[in-house]
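The lines below spell out each chain.
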Amino acid sequence: MHVKVAQLKKLKGKSFREIRLRGKQEIAKLNERLLGIGTNEMSDAALLREIHSPNHHGTGEGISALILERIRTSITPDLYERETPVFLPSFAYRDDIPSLVLHRFPNQWLFILDRAGRAINGRFDLLGFTDLSFGDPIDWHLEPISGKRTPLTHWSTIDYLNPEIAGDKKITWELNRHAHFVTLGQAYWLTNDERYAQAFVAQASHWMDANPPNLGINWASSLELAFRSISWLWALHLFAESHHLTARFVARLLKFLVAHGRHIESYLSHYFSPNTHLTGEALGLLYIGAALPELSRAKPWRQIGLKILLEQLPAHIRTDGVYFEQSTYYHRYTVDFFIHLLTLSRSCYWPLPDEVEEKLALALDHLMWLTRPDGTTPLVGDDDGGRLLKLGDRAADDFRDTLATGATLLNRGDWKYVAGDAAIETLWLLGPEGLEHFDEIEIERPTETARGFSEGGYYVMRDGWWKDSTYALIDCGPHGVYNCGHAHADALAFEFTAQGTNWLVDPGTYTYTGDIKTRDEFRETAAHNTATVDGLLQSQPAGIFSWNHIATAKLHSFNHHAGISFFSGSHDGYARLQDAVIHRRNILCLHQHNATALPTYLVVQDEFSAQDRHDYSLFFHFTPECAAISMDNQIRVIHRNHQQLAIFTFAEQPLRTEILRGYVSPVYGERDSAPIATIEFNGTGEQTVMNFILPFTTNHQGAQVAQKSIGVKDARAFIVTLGDSQDVVIAGNAINLVECKGLSAIAQMAWARFVGNRLVRTCFVKGKVIKVHNKFSLHSTDVVNHCVIQVASDHLEIAIEGTNRFTLETKGLWKKISLDGNWFDLNHQPHNLTFARDTGQWQLKVNEK
C-alpha cells in the first residue's frame, strides 16, 4: 500500500506524455524480466529480418560479408571515387593518416601504441586511474578499486548507485564504453600489426559472451550503450581490412549493435536524465543509422537521433553559449556531441538548420573564454572524466582539441589561436583535408579582455591572451536545472591565474558514487573559493545527484573599460537562517599598466548583511604545486615554478588565518593534496572583508598593502605599494565623499595609480564623483556604472558608462579630452566643462567661466 501511494505521488504533476512514456518503459522492463523478451542473443534469422537488402545470400554471415565489403571499399584514398557517402571523412584516408601522424604527431604515435599494447595485456588507464586490471580474462562486471562485482541479472534490478553493490559504477562503465577498441584500431592503422585486430575480436567476442542483451550492469544506462556503439562502429571501420574480421564475427557484432539500438530507442532518457544522457543516446542512434544504412531501423534511428539533438540544442546551450547544467566538463561533452553531428551531416549530406552552427559557435566561444592562459579549463561543477572518444593524449582538463576541431569546421581564427597547435583529434575525425584546412585558417588573436555570460552566470576577466596573461573566472549563475544533479555549492566562487600561473582553482569532483561522504566534500561550499556562514553550505545536498536547498545568485553589475574590470553579485543561500544573511561579492581587476611595477591583481570585497552575530569563513584553494603560510592577515604562497602570490585580508573584526591540507581533483578518480587558506572571523551586524590578491613579479617581498584611517562610516581606504608605484583603493558607501592620499570619491569603489607622484590612471564604479587633488574632478548627477580616466602629459582619455551628462574641471592642465574615443580640443575652452550625450554622441554643451 505504501509503495502504491509513493508511486502515485511521483506521478502527480507529470504530463500525460511523460506518464505514457514511463509506463511504456516499465512494461518493457517487465516483459524482459518476467518473460525473457529481448534477453537472448539474436538468431541469424532474426538478423536477416533486421536488414533490408534484395540479396541476403541466405544467411546472416552472407549479408554481414556484404556489409563488411561495402565498408572496405569506402576506405579509399580518393574521397570522390565513392558511389555512396563515407561514414566519416577520416575513414576515406587509410593510406594517408599513418604518415601524417608520424610526421605531425610523433608523441601521439607513441602514446597510441603504448595504450594499445597495454590494452592487449588487459591493463587500462581509465578516468584518473592508471594501470587498472579487471582480471584475466577481463571481468566486464568488476569494479576493481572496491572489488565489487555486480550480478548478471536484469539491468533494471541492479542498484548501480549503491557503492555497497556496484562500488564506483563509473569505473566499470568506463571500461565497458570500449574506447580502447578505437585505440587498438588506431594502432592497427599505424602499424598494420594484426595483433591489434586479434585483440579486438577476442575481447569483443568475450564481452558478447559475458553480456547477453539486457542482462547486467552494462545494459543499465542507455548512454553507456550509445558510447559503446560509437566505439564499436569506429573499430569496425578501422579494422575492416583485417582478416580477423570474419563474416561470422561481424554478423554477431551486428546482432549486438541492433540490440543496442533497440535498447537505446526503448529507454531514451527523456525524463530520467534529459541532459547529456539524452543527447548522447540520440547521437548513438544517429551513429548506428549512419554507419549501417542496411539496417531496417537505420533511417528511423537517424530520424529519432536527429530530432532529439535538434530539439535539445536550444535547451542545452543557453543564448549566451553556456551549457545549462552549469558544468564546464559537460559543456565540453555537449560541444563534442554537436561537432560529431555536424561532421556526420556534412559527410553524409544531411541538411541541418542554421541554428546548429549558430549555437555550436556560441558554445565554442564560451569554451574559448573559459580556457586559462596555460590551455587548461577550470572544472566548475561536476566532471565525470569521460570522453566521447579518446583519440589522443590530452589531459582531462585540456579542451583545446575540441576547440581546434571547432575552428576547422567553422573557420574561426580566434579559436585556432587559443587552441594552439593542430590536434590529432582533428585528423582522426576530419581526415587530412580537415588538418590542411586548420593549417590554412588565419590566426586571429582575440582583442576583448572581459566577457560576461549573463544567462549562464560566468564572468571572465583577463589582461590578455598570452601564455603569461592573468585570468579570473567568477561563478554567479543558476545552481543548475531540474534536480541540479551536476551542480556544486559554489555561488560567487572564483578562479585566479596570474602571469600564466594557476593559483586559485575549483577542486573538481573526484567521485560520484564511490564514496558518498567524499562526494559531498568536493561539492560543498567550503570546497570552493567562496564563503560560509556559521559553517553551513549555501546549498544543501540531498543525495548524490539532488539538493534540498539551493542558493540563488544575482548579478548586480559587470563592467569593463580600458583594462579595468568590475564584478558585483550576491546570493541568498544563507537567507534561510533565522537571521537572514546575504553574501555580496565585489571583484575589481586592475590590469598592469605599461611598465609600472604593480602587476595585474584583484581586489575582492565580501559583504555580509546581517543583524545578529555569525561566524564567517573565507576559503582559498590553491593548486597542488603551491606551498602556503599564514602570517597575521596575510597568506603567502610560492609555486613550484618559483612564482609567488600574496593575499592581504582586512576586516572590521579580528581575523584568524590558517593553512589546511585539502585536495584538488584534476580528473575523476584522482586527487592530489593541496593547501587551503582559511580566514575566519565573527561579528554582529553587517560585515565587510577586503582581500587584495597580488602576484609577486620580483625576487623581493612583493607589494605591501596598508589600510588608512579615513573617518567615514561604512567606507575604507588602502594603499598598495610596489617599487615606485602606488595604488590608492577606496571602498566607499556611494553616499559620502571619501578621501585618501589625493584621491576622493563618492562611489562604491574607486582607484588611482601613481608612479612616483605622477597620476597615470584612475577609475570609479557605481558613483557620482571622483577627484584627484590639483589635477581634475568629475561630477555626474546620475550614478556612473564605470569610469576609467587615463592621464597623459597633454590629454585625458575618459571611458564612461551609465550617465549622459557630467561636468569636468580640468585645472587647465590638458589640451585635449578623449571621451569614449571622441576627441575634444580644449585649447580655447574654459577649464570647467559640461559634456552631454544626445542620440549616442557626446558633445561639449556648456562652457562656464
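All values derive from a computational prediction rather than experimental measurement. Position labels on residues start from 1 in each chain and follow its written sequence. Reporting in this predicted model follows two pLDDT cut-offs: at least 70 for local features of residues, and 80 or more for side-chain atom pairs to be given and counted; totals over whole chains, interfaces and linings ignore these cut-offs and use all residues. Based on all heavy atoms of the structure, the side-chain values leave hydrogens and waters out of the count.

*Asks:* Help me out: how do you make sense of the overall build of the protein chain in this one?
*Replies:* Strands here mean DSSP runs of E at least two residues long; helices mean DSSP runs of H or I at least four residues long; both are numbered from the N terminus. If you tally the helices and strands in the protein chain, you get 20 helices and 36 strands. Principal-axis analysis of the C-alpha atoms gives the protein chain an extent of 105 × 65 × 55 Å. Buried, partly exposed and exposed residues are distinguished by accessible area as a fraction of the type maximum, computed with a 1.4 Å probe on protein chains only: under 20%, between the cut-offs, and over 50%, respectively. In the protein chain, which comprises 849 residues, the share counted as buried stands at 61%. Of the roughly 32400 Å² of accessible surface on the protein chain, 49% is carried by carbon and sulfur atoms. In short, Shrake-Rupley with a 1.4 Å probe defines the accessible areas, and a residue's cover is counted only from the protein chains shown.

*Asks:* I'm lost on the packing of aromatic side chains in this one. Help?
*Replies:* Where two aromatic rings form a pair, the distance of their centres and the angle of their planes describe that pair. Classification of ring pairs uses Phe, Tyr and Trp, with its six-membered ring standing for Trp, and accepts pairs whose centres are within 6.5 Å; under 30 degrees between planes counts as stacked, over 60 as edge-to-face, and the remaining range as tilted. Scanning all chains against the criterion turns up 38 aromatic pairs. With 5.2 Å between their ring centres and 25 degrees between their planes, Tyr616 and Phe681 make a pair best called stacked. Here Tyr616, found in strand S17 (residues 613–621), pairs with Phe681, found in strand S22 (residues 670–684); they are 65 residues apart in sequence, far enough to count as distant. For Phe681, a relative accessible area of 1% corresponds to the buried category. Members of the aromatic cluster, connected to one another through ring pairs, are Phe87, Phe91, Trp189, Trp234, Tyr287 and Trp428. A positively charged side chain is recorded as over a ring if its NZ (Lys) or CZ (Arg) lies within 6 Å of the ring centre. The angle to the ring normal must also be within 35 degrees. The ring of Trp547 carries Arg523 above its face, with NZ or CZ at 4.9 Å from the centroid. One cation-aromatic arrangement involves Lys816 over Trp823; the distance from NZ or CZ to the ring centre is 5.1 Å.

*Asks:* Before we go on, may I ask you to explain helix H14 (residues 298–316) in this structure?
*Replies:* Residues spaced three or four apart along an α-helix face the same direction, because each turn holds 3.6 residues. In a helix, the anticipated span is given by 1.5 Å times the number of residues less one. Counted at 1.5 Å a residue, the expected span for H14 with its 19 residues is 27 Å, and the 26 Å between its end C-alpha atoms agrees. Taken as a whole, H14 has its buried residues at Ala298, Trp301, Gly305, Leu306, Ile308, Leu309, Gln312, Leu313 and His316. The buried residues of H14 occupy an angular sector of 165 degrees when the element is viewed end-on, so they sit on one face. An arc is given here, and it is the one of the directions from the helix axis to the C-beta atoms.

*Asks:* Can you walk me through the packing of helix H9 (residues 179–191) against helix H11 (residues 222–238) in this structure?
*Replies:* Direction vectors running N to C along H9 and H11 enclose 15 degrees, while the axes themselves pass 8 Å from each other. Relative to H11, H9 is oriented roughly parallel. As H9 packs across H11, the resulting crossing turns out to be left-handed. In this structure, H9 uses Ala179, Phe181, Val182, Gly185, Gln186, Tyr188 and Trp189 to contact H11, whose residues at the interface are Ser231, Trp232, Trp234, Ala235, His237 and Leu238. Considered class by class, the residues forming the contact of H9 with H11 number nine nonpolar, four polar and no charged. Only the stretch in contact is used when a helix axis is fitted, and all axes are lines through C-alpha atoms; the angle between N-to-C directions ranges over 0 to 180 degrees. Note on terminology: angles under 35 degrees are roughly parallel, angles over 145 are roughly antiparallel, angles of 65 to 115 are roughly perpendicular, and the others are oblique. Note on convention: the crossing is left-handed when the near helix lies turned anticlockwise from the far helix by less than a right angle, right-handed when the turn is clockwise. Should any heavy atoms of two residues lie within 4.5 Å, those residues are counted as being in contact. When residues are grouped by polarity, Ala, Val, Leu, Ile, Met, Phe, Trp, Tyr, Cys and Pro land in nonpolar, Asp, Glu, Lys and Arg in charged, and all others, Gly among them, in polar.

*Asks:* What is the right way to look at the environment of Glu311 in this model?
*Replies:* Take Glu311: it is sitting in helix H14. It is 41 Å that separates the C-alpha atoms of Glu311 and Ala580, two residues lying 269 residues apart in sequence. What qualifies as a polar contact is a pair of N or O atoms within 3.5 Å, subject to a donor-acceptor requirement within protein and to the restriction that residues adjacent in sequence count only when both atoms come from side chains. Within polar-contact distance, the side chain of Glu311 engages the side chain of Lys307 at 2.5 Å.

*Asks:* What is the right way to look at the environment of Thr781 in this model?
*Replies:* Topologically, Thr781 is positioned in strand S30 (residues 776–791). Under the relative-accessibility criterion, Thr781 is labelled exposed at 61%. Spatially, the C-alpha atoms of Thr781 and Phe806 are 6.8 Å apart, while their sequence positions differ by 25 residues. With sequence-adjacent residues up to four places away left out, Thr781 is seen in contact with Lys768 and Arg805.

*Asks:* Help me out: how do you make sense of helix H2 (residues 16–35) in this one?
*Replies:* Here H2 contains 20 residues, and its C-alpha end-to-end distance of 27 Å stays within 8% of the 28 Å for a straight helix at 1.5 Å per residue. Taken together, the buried positions of H2 are occupied by Glu18, Leu21, Gln25, Lys29 and Glu32. Down the axis of H2, the buried side of the element spans an arc of 75 degrees, and every buried residue falls inside it. Residues of H2 that are exposed and point more than 90 degrees away from the buried face comprise Phe16, Arg20, Lys24, Ile27, Leu34 and Leu35. Elements in contact with the buried residues of H2: helix H12 (247–266).

*Asks:* Whenever I open this one, the side chain of Lys416 confuses me. Can you help?
*Replies:* Counting through the fold element by element, Lys416 comes out in helix H18 (residues 413–419). A polar side-chain atom of Lys416 sits 3.2 Å from the main-chain carbonyl oxygen of Asp439. If we skip the residues at most four places from it in the chain, Lys416 touches Ala407, Phe438, Asp439, Glu440, Ile441 and Ile443.

*Asks:* Would you explain the confidence of the model for the protein chain in this entry?
*Replies:* Low pLDDT means the predicted atomic positions in that stretch should not be read closely. Confidence per residue, as judged by the predictor, is encoded in pLDDT with a range of 0 to 100. In the predicted model, the protein chain carries a mean pLDDT of 93, and the fraction of residues at 70 or more is 95%. Overall, residues 1–8 carries pLDDT values under 50, and its contacts beyond four positions in sequence, including any with other chains, amount to zero contacts.

*Asks:* I keep staring at the sheet that holds strand S6 (residues 458–462) and nothing clicks. Help me out?
*Replies:* The strands making up a sheet associate through backbone hydrogen bonding, with each pair oriented either parallel or antiparallel. Paired strands, in this sense, are two strands between which DSSP finds at least two bridges. Strand order across the open sheet formed by five strands is S5-S6-S7-S8-S9, with antiparallel pairing between neighbours. The outermost strands of the open sheet, each flanked by one partner alone, are strand S5 (450–453) and strand S9 (501–504). Across the sheet, the mean angle from the axis of one strand to that of its neighbour is 15 degrees, orientation sign disregarded. Bridge count for strand S8 (residues 494–498) against S9 is three bridges, and the pairing is antiparallel. Pairing of Thr497 across the sheet is with Asn502, part of S9.

*Asks:* Whenever I open this one, the state of the cysteines confuses me. Can you help?
*Replies:* Disulfide: a covalent bond connecting the sulfur atoms of a pair of cysteines. Note that a disulfide, as used here, is simply two cysteine sulfur atoms within 2.5 Å. Summed over the entire model, instances satisfying the criterion amount to zero disulfides. Unpaired in this structure, Cys740 has its nearest cysteine sulfur neighbour in Cys763, at a distance of 15 Å. Among the residues examined, Cys740 registers a relative accessible area of 5% and is labelled buried. Looking at Cys787, it has no disulfide partner, and the nearest cysteine sulfur is the one in Cys763, 8.2 Å off. Looking at Cys787, the relative accessible area reads 0%, which means it is buried.

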